[in-house]
Every structure is written in C-alpha cells, then in structure tokens.
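Fold and contact review
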Amino acid sequence: METINSEILSLTYGSIVRQLITDLEDMDEVNKQLDVMGYNMGIRLIDEFLANARITKCGDFKETAENIAKVGFKMFLNTTATVVNWNADNTECGLVLEDNLLIDFVELPEACSKLSYCQLLCGVIRGALEMVNISAECSFSRDTLHGDDTNEIHLKFTSQKAEAYPYKDDD
Amino acid sequence: MVVHNIYVFDREGVCLYYHEWLRPKPVRDGAGTQSDDQKMMFGLFFSLKTFAAAMDPKSKSNAQLGAPLRIGENCSFYSFRASNYKLHFYETLSGLKIVLNTDENANDLRELMHYIYASIYVEYVTKNPLNEPGKPFNYDTFTSALNKHLRLIGQL
C-alpha cells in the first residue's frame, strides 16, 4: 500500500479549509462544502476499500460500523476508531477517534467556532455507505477543537435499499 | 485459454466499458445493436442472480423470485458454461459488475476477476481524477493494463 507523510495530509487539508473560509466566509456554507467534497470522495473510495479489504458482506449495521472503524480508518488514516454507544435498536452509534491527524497543528479562533473542521470525514463515510445501499447520517458529536476531550463521530443508519431492475420493462 | 470479451456494468445498468478480443459472430447476428447486446447481458445476470438466490437449497433466508435483492446477502452465481464458451461474473458490494467471456475450457477464474477489479479497475479508473462515476469510460491505461495482465498469464 502506498503511504504518504501524515503532515502533508494535515497541512494540505488545512489549506483547503482555509481557502474555503476565505471564499465562502459563512461557516455553515463551509461545512456544507466540506461535506459535499467528502461525499464525492466517499463514492470513489468505496471501491478501493472493498478491493483491498476483500470484504464479502456485512451482516448488519454493527458489523458495518466495526468494519469502518477498524479496517477503513486503518487503511486510509492509519489510526483505528472504537465503536461505542449503540442505541437500543442498533441503528445509531459513535466512532471515537483517539488521534485525528487532520487536526494536527490546528487551533480554531473565535470567529470560526461554528466550523466543523473534519466534516470531510463525515461526508466520506456517508458517500461510501450510500454506494453499498445504506443511507446514513454522519456528524461530529464531540470535537477536540471545540474543547471536548476526544473526537467522536455520530453515525446514524437510516435505511438499506435493495437492488432494483434499472431498465423500464417496456423499452 | 481464449478470452472473447469483457463488459463492466455499474449498479444502474450503464455499461461502463466493453472490449472484445475475439468475437467471430458479429453483434448484428446476435442481439442486433451494441446497446441491445449490453442490455441483454445485464438482464441475463440480473435474472440469474435472482434465480440462483431463490432456488438455493441451503440458505436459511428465502428470497422470492420477484423481490429485489440486496447484494452480498444471498448466494450468487459466479460462472456458467455453455457448449462453446464460458461466462464469468463478478459483482462487488458497491454494485459494480464485471463479465468475462472465455472459451469453455477455462477453470475457475474468480481470482482473476478479483485482480481485474482490485488492481486494474481501482487503479486506473477509480483513481483517475477525470473519471465521472456512472459514465462510460475508455481509458488507454485501463485497456493496456488489462491486455498486459492477460498476456502475462498467457491470455491464460
């Protein structure tokens, strides 16, 4: 597997966010753009992930979340996340990230307090899951840049689609 | 082993890529036009998957013939052999389907299909920044990597 220096990734990501803030100025807009960028990455990332991880299937949402946390994060960010806090019907959980290399060297000033700096990661997870027919919502519930003790992504699985025949029958 | 042609479909049924090496019978005598040929191919394995899952004597969950399937959940077929050709099918969890037609003496080519997906498709198509998902593609890098690999295994 090819690897690059993590500092290059952190600094490049930082400059992307910096540029988005300069261009858009509104923090909600920046969050939305980061999510869209992450989504576009996720729909392509899924093929690489499935090819290298050789996963044949995940039985339920629990296995899916475990695969994202252990295999996915390890493959792309060389860090593992832990899955915590499953709710009663196993549709929501949290992914706790101990060290998030995207936020190395980062401090958020007062003016950017509404910025969700790592929103790109949420977009990636959302995009990748959509390509395997799982629709999910993803956001940061705890963020060290805002003063919490750790980073936690809240993952909520909404539904699972099945394969439909795409052509109209009378064509 | 002789390789006849290869199709790559996405989950919407769009034929993203088609390449043929040796096809003595022209498409006109078979399906008619190239797009009809591709649609028939897609319809074929879509129905075969449903059929294989419904007639499965071993699995516990019961898929009915009419109901849409989730990928990865039921058993799926991976090849069928006719008297003068063999069709190999590979489907990923993301809905991408690769179909390869070879002569009838081919063995189990699942490893090769996985290699085509993981080391050729992902490398030259998914990682290509100009590639738009859902649109047919025709990259020289992909075709030449495919030819190179097939030649390496002796056009198997």
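Only a predicted model underlies this, so the values are computations on that prediction, with no experimental measurement involved. (Residues numbered from 1 in each chain as written. Chains lettered and ligands numbered in written order. Predicted model: local features only at pLDDT ≥ 70, side-chain atom pairs only at ≥ 80, totals over all residues. Heavy atoms only, no water.)

So, about the confidence of the model for chain B. The share of residues in chain B with pLDDT of 70 or more is 89%, and the mean pLDDT across the chain is 84. With pTM at 0.86, the complex prediction returns an ipTM value of 0.81. (pLDDT = per-residue confidence, 0-100.)

In this section: the packing of aromatic side chains. Residues and elements named next belong to chain B. Per the stated rule, a full pass over the model turns up 18 aromatic pairs over all chains. With a centroid separation of 6.0 Å and 10 degrees between ring planes, the pair formed by Tyr 7 and Phe 9 is classed as stacked. Phe 9 matches Tyr 7 in its accessibility class, with the two residues each being buried. An aromatic cluster of three or more residues is present, and its members are Tyr 7, Phe 9, Tyr 18, Phe 42, Phe 45, Phe 46, Phe 77 and Phe 89. Positioned over the ring face of Tyr 78 is Arg 110, at 3.7 Å from the centre of the ring. (Phe/Tyr/Trp six-rings, centres within 6.5 Å; stacked < 30°, edge-to-face > 60°. Buried < 20%, exposed > 50% of the residue type's maximum accessible area, 1.4 Å probe, protein only. Lys NZ or Arg CZ within 6 Å of the ring centre and 35° of its normal.)

Residue and element names in this part refer to chain A. Compared with the 27 Å implied by 1.5 Å per residue over 19 residues, the 27 Å span of helix H1 (residues 6–24) between its first and last C-alpha is a close match. Next to the buried residues of H1 lie helix H2 (27–53) and helix H4 (119–131). Between the side-chain oxygen at the start of H1 and the backbone nitrogen of Glu 7 there is a gap of 3.0 Å, and the oxygen is on Asn 5. (Helix = DSSP H or I, 4+ residues; strand = E, 2+ residues; numbered from the N terminus. Expected span 1.5 Å × (residues − 1). Contact = heavy atoms within 4.5 Å. Polar contact = N/O pair within 3.5 Å; in protein donor to acceptor, adjacent residues only side chain to side chain.)

Time to look at the pattern of salt bridges. Overall, the coordinates contain 14 salt bridges over all chains when judged by the stated rule. For Glu 123 of chain B, the salt bridge is made with Lys 127 of chain B, and the minimal N-O distance between the two is 3.2 Å. Bridged by salt links that share partners, the residues Glu 48 of chain A together with Glu 123 and Lys 127 of chain B form one connected network. (Salt bridge = Lys/Arg side-chain N within 4 Å of Asp/Glu carboxyl O.)

Counting residues in hydrophobic clusters, the biggest one holds 75 residues, and the most contacted among them are Phe 73, Leu 95, Ile 125 and Ile 153 of chain A together with Tyr 117, Tyr 121 and Phe 142 of chain B. It is helix H2 (residues 110–126) of chain B that contributes the most residues to this core, 9 residues altogether. For Ile 153 of chain A, the contacting residues outside a window of four places in its chain are Phe 73, Cys 93, Gly 94, Leu 95, Leu 97, Cys 122, Ile 125, Cys 138, Ser 139 and Phe 140 of chain A. Grouped together as the second largest cluster of nonpolar side chains are 13 residues, Ala 52, Leu 87, Phe 89 and Val 99 of chain B included. (Core = buried A, V, L, I, M, F, W, Y, C linked by side-chain atoms within 4.5 Å.)

This part is about the sheet that holds strand E4 (residues 151–160) of chain A. Strands pair in a sheet through their backbones, by hydrogen bonds, and they do so in one of two ways: parallel or antiparallel. Residue and element names in this part refer to chain A. Taken together, 4 strands build an open sheet; the order of strands is E1-E2-E4-E3 and the sheet is antiparallel. Looking at which strands have only one partner, the edges of the open sheet turn out to be strand E1 (81–84) and strand E3 (134–142). Sheet twist, expressed as the average angle between the axes of neighbouring strands with direction ignored, equals 25 degrees. Packed on one face of the sheet, helix H3 (residues 61–77) meets E1, strand E2 (92–97), E3 and E4 and runs near 160 degrees to E1. Relative to the sheet, H4 contacts E2, E3 and E4, its axis offset from that of E3 by approximately 165 degrees. (Pairing = 2+ DSSP bridges. Axes fitted to C-alpha atoms, helices over the stretch in contact; angles between N-to-C directions.)

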